Amino acid sequence: MGQKKHQASPDSSSQPNGNNEPLPPLSPKDFRTYNRMAEQMDQFHNHFRLTWNQLQDACTSTGKRPGGLSPRQLIMAGLSFCSQLDFHHSIEEQHIFPVLAKRMPEFRRELALLTQHRQIHKGLEKLEGYLTKCRSGEVDLQREEMKRLMDGFGEVLWRHLDEEVRTLGAENMRRYWGLQEVAGLPM
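Residues numbered from 1 in each chain as written. Predicted model: local features only at pLDDT ≥ 70, side-chain atom pairs only at ≥ 80, totals over all residues. Heavy atoms only, no water.

**Q** Can you walk me through the environment of Glu-106 in this structure?
**A** Summarising the element assignment, Glu-106 is placed in the loop between α2 (71-101) and α3 (112-136). Judged by relative accessible area, Glu-106 falls into the partly exposed class, the value being 22%. Sequence separation between Glu-106 and Glu-164 is 58 residues; the distance between their C-alpha atoms is 8.9 Å. Excluding its chain neighbours within four sequence positions, the residues that come into contact with Glu-106 are Leu-111, Leu-113, Thr-167, Asn-172 and Tyr-176. A distance of 3.2 Å separates polar atoms of two side chains, one belonging to Glu-106 and the other to Asn-172. (Helix = DSSP H or I, 4+ residues; strand = E, 2+ residues; numbered from the N terminus. Buried < 20%, exposed > 50% of the residue type's maximum accessible area, 1.4 Å probe, protein only. Contact = heavy atoms within 4.5 Å. Polar contact = N/O pair within 3.5 Å; in protein donor to acceptor, adjacent residues only side chain to side chain.)

**Q** Could you clarify how one ought to interpret a positive patch on the surface in this entry?
**A** Where like charges cluster on the molecular surface, the positive patch consists of Arg-109, Arg-118, Lys-122 and Lys-126. As for its position among the elements, Arg-109 is in the loop between α2 and α3. (Patch = residues over 30% accessible without salt bridge, like charges linked within 9 Å, V, L, I, M, F, W, Y side chains within 5 Å. Areas by Shrake-Rupley, 256 points an atom, 1.4 Å probe, with all protein chains shown as cover. Salt bridge = Lys/Arg side-chain N within 4 Å of Asp/Glu carboxyl O. Lys, Arg positive; Asp, Glu negative; His and termini not counted. Charge placed at Lys NZ, Arg CZ, Asp CG, Glu CD.)

**Q** Looking at this structure, how should I read the pattern of salt bridges?
**A** In a structure, side chains of opposite charge can pair up when their charged atoms sit close to one another. For the structure on display, the rule yields seven salt bridges. A salt bridge links Glu-181 to Arg-103; its shortest N-O distance comes to 2.8 Å. You can see Glu-181 sitting in helix α6 (residues 179-183) and its partner Arg-103 sitting in the loop between α2 and α3, a full 78 residues away along the chain. A salt bridge links Glu-171 to Arg-174; the shortest N-O distance between them is 3.2 Å. According to the relative accessible area criterion, Glu-171 is partly exposed, its value standing at 42%. On the accessibility criterion, Arg-174 (1% relative accessible area) is buried. What emerges from the salt-bridge pattern is a single network uniting Asp-42, Arg-49 and Asp-162.

**Q** Please clarify how α3 should be interpreted in this entry.
**A** An α-helical segment advances 3.6 residues per turn. Residues three or four places apart therefore align on the same side. Along its 25 residues, α3 runs 36 Å from first to last C-alpha, staying within 8% of the 36 Å computed at 1.5 Å per residue. Buried residues of α3: Leu-113, Leu-114, Gln-116, His-117, Ile-120, Gly-123, Leu-124, Leu-127, Tyr-130, Leu-131 and Cys-134, and no others. Along its buried surface, α3 packs onto α2 and α4 (143-167). (Expected span 1.5 Å × (residues − 1).)

**Q** Looking at this structure, I do not really get the confidence of the model for the protein chain. What am I missing?
**A** When pLDDT is low, close inspection of the predicted coordinates is not appropriate. Overall, the prediction assigns the protein chain a mean pLDDT of 87, with 89% of residues at 70 or greater. Here residues 1-15 is modelled with pLDDT under 50, and outside its nearest four sequence neighbours on either side it reaches 26 contacts, counting other chains as well. (pLDDT = per-residue confidence, 0-100.)

**Q** Quick question: what am I supposed to make of the layout of surface pockets here?
**A** In this approach a probe as big as a water molecule rolls over the atoms, and the regions it shows empty are the leftover space. A volume near 180 Å³ is recorded for the largest pocket. What lines the largest pocket is Phe-44, Phe-48, Gln-84, Phe-87, His-88, Ile-91, Glu-92, Ile-96, Pro-186 and Met-187. Elements supplying a minimum of two residues to the lining of the largest pocket: α1 (28-60) and α2. It is α2 that provides the largest number of residues to the lining of the largest pocket, a total of six residues. Tallied by class, residues from the lining of the largest pocket come to seven nonpolar, two polar and one charged. (1 Å grid on protein atoms, 1.4 Å probe; cavity = no way out; pocket = protein on both sides within 12 Å on 5 of 7 lines; lining within 4 Å. Points joined across faces, edges and corners; volume = space filled by probe spheres on them. Nonpolar A, V, L, I, M, F, W, Y, C, P; charged D, E, K, R; others polar.)

This is the structure we're talking about:
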């Protein structure tokens, strides 16, 4: 069965418009409603950006305690980062993306955002595996190796953090969802 295509009515910005036709300007209140998911997602993503930068700094700084972190603290911070990002992606993939994918192609399994999740997850597995060996004492922490592992998926991670927020932004969301609908979407 084909999916019903939603068209904006000429006098209302509260109706979804799944194509690229220009839409009328949003009031500040409607913009906030449509942009709610982007703002909330950006808060989560800012946490990951901040933690990533702290880990990178600790891997590249010199001194007795580079980046202010002992080796044990760096290992635990890295493992926490891996766990939190993996958990964040699990919630998105199980509870948020399936709802959005009903109308938004960006959230379908075969397209960019979920492909980025898979690429990021491969990098997270390598980093987590290394840090787990460091925590158990099987190998000594080498900050250069940790940085190398992070760099292996850093570009796709940062691109993903930005693209996901942009995709959830008001101008894109209103192309697919009505004002009342977007207010009820999970986040």
